[in-house]
Amino acid sequence: MDGQPLYSTHWPVIGHKWAVEHLARSLNHGRVRHAYLITGPSGIGKTTLARAFAQAVNCLSEEARPCGECRACTLIAHDGYADVNVIQADGNTLKIEQIRDMQHMLALRPVEARYRVVILRHFQDATPQAMDALLKTLEEPPSYVILLLTADTADTLLPTIKSRCQPINLRVLPTTLIRRALEERWQVEPERAALLAQLSGGRIGWAVRAAEDETLLAQRSEWLDLLEKAIGQSRVGRFMLVEPLSRDKASLAAAMELWQSYWRDVLLVSHSTTTPIANRDRRHALEQIAAAVKVEDVQRVLNAIRRTAKYVDQNVNARLALEVLMLDLPQLQLIQAPPGVRE
Ligand SMILES: [Zn+2]
């Protein structure tokens, strides 16, 4: 040993330094676990971290793993490596059949890798039967297997699953880090990078997708317009407004996240803190709401949105959940921002 540990901390991951250091350290000490549970809001890099970990454990370099260049690293980066598999919801749920197929595959030793790695994405989408089935693998994992579960939150997972996984809780990233990454790695022009970083709410995945896909920003505007319109409407008007949204579970989850960031901004504005708001293009409306609505009522809306997100996650009737949320919104006629105020 020349003092340089075999597993480096130069992973293809933006931020989450402590998590990378923690995982690299356990690899260097030969203390790799058979199951990890990576949690955090969608788009902050959970799967990216999982993939980088899969590269590290299977990298062929004898100097610094993951090298990013060997056969294993390259193929894993594109989900093309036979011994590293990604499993996620088939439709709205991750089903027991998918776990059974995985178990058949895991019965076989890896083809060429040191470890067979399975990344189970959005494990909160797993049915109770699928979670139950996974327990069997978690209880007696083959020595060559590493399971990497990702979930927006661990709240809805079985306690027996949580207790068998090493938890890695990822936090949202600082805006400055996202802005720099957009500029340097994705060559986004500075002004746009600053706006996207701000709007991302610390979620690098969202920022990168929005940089590459113009429709994401349009989608965001649409959902915020919908929310602001609903605030000005009666109960029936609100139900009609949100009806189309209730039909698409994936959109609904993302919309709930966005709405949470919006109401957190209302709190920030009413407390006049120096913390920058996420939806700065909506400041005009946010200020009106902050002036008219009591802090307790804003908290109630935030709780209602969180509850709705959880219901959607648990596959409770999404339309009903959204309608209940609509009842919790304050009613207020928002005055349009004068032209030029919107960024
Ligand atoms: Zn490599």
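All figures in this text were calculated on a predicted structure; none of them were measured in a lab. (Residues numbered from 1 in each chain as written. Predicted model: local features only at pLDDT ≥ 70, side-chain atom pairs only at ≥ 80, totals over all residues.)

Trainee: A description of the overall build of the chain should follow, citing residues and the corresponding values.
Mentor: Each helix and strand counted, the chain has 15 helices and five strands in total. Its C-alpha atoms give the chain a radius of gyration of 22 Å, within 12% of the compact-globule value 20 Å for 343 residues. The principal-axis extents of the C-alpha atoms in the chain amount to approximately 65 × 45 × 30 Å. Expressed as a percentage of its 343 residues, the buried residues of the chain come to 38%. (Helix = DSSP H or I, 4+ residues; strand = E, 2+ residues; numbered from the N terminus. Rg over C-alpha atoms; globule rule 2.2 N^0.38 Å. Buried ≥ 20, exposed ≤ 12 C-beta atoms within 10 Å, placed from the backbone.)

Trainee: A description of the domain arrangement of the chain should follow, citing residues and the corresponding values.
Mentor: The domains assigned to the chain are domain 1 (17-169), domain 2 (174-212) and domain 3 (214-343). The interface is formed by four residues belonging to domain 1 together with five residues belonging to domain 2. (Domains from an automatic or database assignment. Contact = placed C-beta atoms within 7 Å.)

Trainee: Summarise the environment of Pro142; cite the residues concerned and give the values.
Mentor: Residue position: Pro142 is located in the loop between α5 (128-139) and β4 (145-151). Separated by 32 residues in sequence, Pro142 and Pro174 place their C-alpha atoms 38 Å apart.

Trainee: I'd like a rundown of helix α7 (residues 175-186), residues and numbers included.
Mentor: Here α7 is twelve residues long and its end C-alpha atoms lie 15 Å apart, about the 16 Å a rise of 1.5 Å per residue gives. Turning to α7, its buried residues number three or more, namely Ile178, Arg179 and Leu182. For α7, the angular spread of buried residues about the axis comes to 100°, placing them on one side. Within α7, the exposed residues directed more than 90 degrees away from the buried face are Thr176, Glu184 and Arg185. (Expected span 1.5 Å × (residues − 1). Arc of directions from axis to C-beta.)

Trainee: Got a sec to walk through the nonpolar core? Specific residues and values, please.
Mentor: Membership of the largest hydrophobic core comes to 93 residues, with the highest contact counts inside it found for Phe53, Leu148, Leu149, Leu196 and Ala207. If you tally residues by element for this core, the top one is helix α12 (residues 249-270), at ten residues. (Core = buried A, V, L, I, M, F, W, Y, C linked by C-beta atoms within 7 Å.)

Trainee: Describe the packing of α7 against helix α9 (residues 204-212), and please don't skip the residues or the numbers.
Mentor: Each pair of packed helices can be summarised by the angle the axes make with each other and by the distance between the axes. It is the contact of α7 with α9, at a shortest axis distance of 10 Å, that shows an interaxial angle of 45°. By the criterion of interaxial angle, the relationship of α7 to α9 is oblique. Along this stretch, α7 crosses α9, giving a crossing that reads as right-handed. In contact with Ile178, Ala181, Leu182 and Trp186 of α7, α9 contributes Ile204, Ala207, Val208 and Ala211. (Axes fitted to C-alpha atoms, helices over the stretch in contact; angles between N-to-C directions. Parallel < 35°, antiparallel > 145°, perpendicular 65-115°, else oblique. Left-handed = near helix turned anticlockwise from the far one by under 90°.)

Trainee: With reference to specific residues and values, describe the sheet that holds strand β1 (residues 35-39).
Mentor: Spatially, five strands are ordered β2-β3-β4-β1-β5 in an open sheet, and the strand pairing comes out parallel. Looking at which strands have only one partner, the edges of the open sheet turn out to be β2 (84-87) and β5 (166-169). The average undirected angle you get between the axes of adjacent strands in this sheet is 15°. One ladder, built from four bridges, connects β1 with β5; its direction is parallel. Across the sheet, Tyr36 pairs through a bridge with Gln166, a residue of β5. (Pairing = 2+ DSSP bridges.)

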